[in-house]
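Residues per chain, in single letters:
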Amino acid sequence: MTDRIFSFKNALTDGWRIAVWVPAFVLALPVLVVLSSVADPQWQLWQHLTDTVLSSYVVNSLLLALGVGLGTMTIGTGLAWLCHHFEFPGRRQFEWLLLLPMAMPAYIIAYSYTGFLDFAGPVQSLLRSLFDWQYGDYYFPEIRSLGGAIVMLTLVLYPYVFMLARNGFREQSLSLYEVSQALGMGPVATFFKVAVPMARPAILTGVALAMMEAFADYGTVQYFGVSTFTTGIFRTWFGMGNSVGAAQLAALLTGFVFILLILEKYSRRKIRYYYQGHKQITARRQRVRGAWAGFLFACCALPLTLGFILPVLMLSHWVFYTGFEQFDSEFIGLMGNSFLLAGVTAMVVLLLALLFSYGKRLRPNSRIRWPINTASLGYAVPGTVIAVGCLLPLSWLDHRIHGLMASWFGIQTGLIFSGTLFALVLAYSIRFLAVSLHQIDTGLERIRPSMDQAGRSLGLSPIGILKRIHLPILRPSVLAALLLVFVDVLKELPATLILRPFNFDTLAVKAYELASDERLADAALPSLAILVVGVLPVIWLSRAIEATRKGYQ
C-alpha cells in the first residue's frame, strides 16, 4: 500500500509523465465517448434501423471491405512479385510509379470514372456512334453501384499491399528458392507455396490497412448511392437530428474495425519466420525478353493506367475546357483555407509526436507507452467516428461555458471549441497522429543513447538535448512527418464535412459539393489541385524506401 502511494506521488510530480498523459487523454477521449454511448442504447432508433436500413449498412460495409481486401491482395501481391522476381523493361520505373495511386483520393477517382463511363461520357457515346445504338439497346455496367465502389477503392488502395508485400519478398533469401527448385517446384508452385506464405504477415498487414480505409470511406459510397455505416452516421446525425444515435452507429462501426485489427493480430499468432544460415543472399531477378516481357509490362501498366493516368487525363481534360474559369479569388481562398488547416494541423501533430516519442525515450515503461498507444489508435478509426466523438464533448463544454459566462457576466461566448477550427484540428490530430509518430519514433531509434549521455555530461537538460542534439539529426524524419500529415489533411473529407465552421470550405469539400450537384467538370480543378500536392509525398516515400533498402544492402 505504501509503495502504491509512493508511486502515485511520483507520477504526480513527474513532469514528463503528466505532459504525456494529459494530451494522450484528450486525444483518446472522443473515441472513448463514442464507445461509451452504447451504455445508453436508444431502443426505438435501433428498432427503426433494424426494420429499415441496418441490414444494408452491415451487408454493404462488409462486402465493401471484403471486396477491397480481396482485390488489393490479388493486385498488390501479384505486382510485388513481378517487380521482385523478374527483370523486364520498365521494371525499375514501375517500382515507384505503381505507388502513385496512393495520392488519388477515392472520391476523386469516383468522380473521374463517373464522367468517363456514364451514359453521356466518352465511352458510351463512342459505342452509340459506332454501332448506331440508342438508349436501352445495349447493356453497360453501372459504375454507381457497390461493385463500382469496390473497384474504385481497390484501384487506389492496392499500393498498401504492393509496398508491404514487396518488402516482404525482398527479405526472402535465395536459399529458399533454391530449396524449392531442388524439391521439384516450378515458378508457380514456388510463388504459392514458398514466397507468399513467407510474406504473409506483410501482405495481411497491407490488406488490413486497405480494409480499414474501405470501412472509413464516405465520399465514394455516398456519391455512388451505396448505404454503409458512414453514410448512415451522416443520415442519423443530420437527417434525423439524433447525435447519440449517430454515436452508437459509430461505435458499431468502430467495433467492426477493432474486430478486423484483432483478426489481423490473431492470424499471426505464434507464427515466427526465421532464416537459417550465416549469410542471407537476396535472390536475383529472372531476366525475361520478347512477348513474355511485354506481357509483364502490360500487367504493371494496367493498374497504373486505371488507378492514376486515366483519372488524371480526365481531370486535366475538364480543367482545360472548363476549369480555368474557376481559378478566381474564391478558388484561391479555398486553397488558402486548405493549406492553412493542413499546415497548422501538421505542426500540432508534429509537436505531439515529438512529445510522445521523446517521452517514451526518457521514460521507457508501460505507464508512458500505454496512453500513447491508446491515443495513436485514431488512425484505425474512421474520420466520421472521430468527428462524432469530438463534437459531442466539445458541444457539451461550449454550452457549459456559455451558460456560466451568461449567468455570471452576461457575456454570450457562443461555440468556442465546436464551432471553430479547434474541433477540426483536434479531429485531424487524432486521425493522423500515428503517421507522424511512426516517423519520429523511427528517427529517434537510430540515435544512440550514448548521445543523450554525452549531452547530460555537458550539462544539458532533456529539453536542451532534444533541441540541440536530436532535432538536427531528426530533420529528415521531421520533414517527412510534416509532409505526410499535410497531404492527409488536405485529402480528408468526412471529418471536414461534419466539423467545419460555418462558411468555411476547403478544396476537398468544394470538390465533393460540386460533384454531388453533378457538376463534375467544375469539380475537376479542386480535385486536380489536391492530387498534384498529394503526389509529392508519394514520390518522396518511394525514394526514401529505396534509399533505406540500399543502405541496408
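Note that this is a predicted model, so its numbers are computed, not measured. (Residues numbered from 1 in each chain as written. Predicted model: local features only at pLDDT ≥ 70, side-chain atom pairs only at ≥ 80, totals over all residues. Heavy atoms only, no water.)

1. Re the environment of V538
Structurally, V538 can be placed in helix α25 (residues 524-552). V538 gets classed as buried once you look at its relative accessible area, which sits at 7%. Expressed as a C-alpha distance, the spacing of V538 and L99, which sit 439 residues apart in the sequence, is 6.7 Å. What V538 contacts, discounting residues up to four positions off in sequence, is L99, L100, M102 and A103. (Helix = DSSP H or I, 4+ residues; strand = E, 2+ residues; numbered from the N terminus. Buried < 20%, exposed > 50% of the residue type's maximum accessible area, 1.4 Å probe, protein only. Contact = heavy atoms within 4.5 Å.)

2. Focus on the confidence of the model for the protein chain
Per-residue pLDDT for the protein chain has a mean of 83; in total, 92% of the residues score no lower than 70. Segment residues 274-279 is flagged for pLDDT under 50; beyond a separation of four residues in sequence, or across chains, it makes six contacts in the model. (pLDDT = per-residue confidence, 0-100.)

3. Some details on the UniProt feature "domain: ABC transmembrane type-1" (unreviewed entry) in the protein chain
Per the UniProt annotation, the sites labelled "domain: ABC transmembrane type-1" (unreviewed entry) are residues 58-262 and 335-542. Here residues 58-262 runs as 77% helix and 1% strand, with 19 Å between its end C-alpha atoms. (UniProt positions renumbered as here; feature names shortened; annotations may be inferred.)

4. What to know about the pattern of salt bridges
Overall, the coordinates contain 11 salt bridges when judged by the stated rule. Ionic pairing is found between E95 and R285, a salt bridge with its closest N-O pair at 3.8 Å. You can see E95 sitting in helix α5 (residues 91-97) and its partner R285 sitting in the loop between α14 (243-267) and β2 (286-287), a full 190 residues away along the chain. Exposure remark for E95: the relative accessible area of 7% places this residue in the buried category. Between R144 and D118 there is a salt bridge, and its shortest N-O distance comes to 3.6 Å. Here R144, found in the loop between α7 (122-131) and α8 (146-170), pairs with D118, found in the loop between α6 (106-117) and α7; they are 26 residues apart in sequence, far enough to count as distant. (Salt bridge = Lys/Arg side-chain N within 4 Å of Asp/Glu carboxyl O.)

5. Considering the environment of A199
Within the secondary structure layout, A199 lies in the loop between α10 (187-198) and α11 (200-216). Residue A199 is classed as buried on the basis of its relative accessible area of 2%. Distance in space between the C-alpha atoms of A199 and V312 is 33 Å, their sequence separation being 113 residues. Other than its neighbours up to four places away in sequence, A199 contacts G168, F169 and Q172.

6. Observations concerning the packing of aromatic side chains
Under the counting rule described, the total for this entry stands at 22 aromatic pairs. With centroids separated by 5.5 Å and ring planes inclined at 45 degrees, the aromatic side chains of F229 and F256 adopt a geometry described as tilted. Of this pair, F229 sits in helix α13 (residues 229-239) while F256 sits in helix α14, placing them 27 residues apart in sequence. The pair F229 / F256 is uniform in exposure class, with both members buried. Taken together through their ring pairs, the aromatic side chains of Y57, F215, F229 and F256 make up a single cluster. In this arrangement the basic side chain of R128 is found over the ring face of F119, its NZ or CZ atom lying 3.9 Å from the centre. (Phe/Tyr/Trp six-rings, centres within 6.5 Å; stacked < 30°, edge-to-face > 60°. Lys NZ or Arg CZ within 6 Å of the ring centre and 35° of its normal.)

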